[in-house]
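Architecture and fold: a report
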Amino acid sequence: MSHIATARQAGDLTSSAIVQAVLPAIGRILISLIFLLSGFSKLTAPAMTIGYIESVGLPFPTLAYGAALAVELIGGAALVLGYQTRLVAAGLAVFSVATAVSFHNDLADLNQFVHFFKNITMAGGLLHVIAFGGGKFSIDGWRR
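Here is what the cut-offs are and how they apply
- Residues numbered from 1 in each chain as written.
- Predicted model: local features only at pLDDT ≥ 70, side-chain atom pairs only at ≥ 80, totals over all residues.
- Heavy atoms only, no water.
- Helix = DSSP H or I, 4+ residues; strand = E, 2+ residues; numbered from the N terminus.
- Buried < 20%, exposed > 50% of the residue type's maximum accessible area, 1.4 Å probe, protein only.
- Contact = heavy atoms within 4.5 Å.
- Salt bridge = Lys/Arg side-chain N within 4 Å of Asp/Glu carboxyl O.

**What about the environment of Gly-76?**
Position of Gly-76 among the secondary structure elements: in helix 4 (residues 61–81). Assessed through its relative accessible area of 0%, Gly-76 is described here as buried. Sequence-wise, Gly-76 and Phe-35 are 41 residues apart; in three dimensions their C-alpha atoms are separated by 5.4 Å. Gly-76 has contacts with Ser-32, Phe-35, Leu-36, Val-71 and Leu-92, leaving out every residue within four places of it along the chain.

If you want it as C-alpha cells, here you go:
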C-alpha cells in the first residue's frame, strides 16, 4: 500500500462523523481521570496532602490543599461533561505545569522526572482540548 493510500485511509477515518463526535468525548474522559483520581485521593487524606504541600515550602498549605482539591474535582468533572471546555482545559493545563514545577522539580530523581513529564504531557493533551473544544458530545456542543 502506498503512502498516499495510507494517508487517505487515515483521513477518511478522522473525517468520519462518528469519530469526530465520539473521540473528543473519550479523550476528555481519559484526560480527566488523573484529575478526578488525584482529587479523590486528596479528599481521603487531607493531613498527608497538606503535609506534602508544606514539605515543598509552599505558603498557606491548607489554602493550597483546598484550591488543588477544587481544581481537580470541579475541573475534572467539568472536563468530563464538556462544560466551558476550553476555559477548564486552560486552567487544568496551567495547574499541571505549576504542579510539575512546584512538586516534581528534582529531575535527577527518576520518579520525579517521570511525574514532571507526565504533568507536562497532560498539559500538551489539554492544549489539544483548547484548540479543538469539547466536541459534539459535550455541554458546550449541545448548547450551540
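**Observations regarding the pattern of salt bridges**
Tallied over the entire structure, the rule returns 1 salt bridge. We note a salt bridge from Lys-42 to Glu-72, for which the minimum N-O separation is 3.1 Å. With Lys-42 in helix 2 (residues 17–44) and Glu-72 in helix 4, the pair connects residues that are 30 residues apart, well separated along the chain. Across the pair, Glu-72 and Lys-42 agree in class, each one buried.

**Comments concerning the environment of Val-22**
Here Val-22 is to be found in helix 2. For Val-22, a relative accessible area of 31% corresponds to the partly exposed category. Sequence separation of Val-22 and Lys-136 is 114 residues, and the distance between their C-alpha atoms is 7.7 Å.

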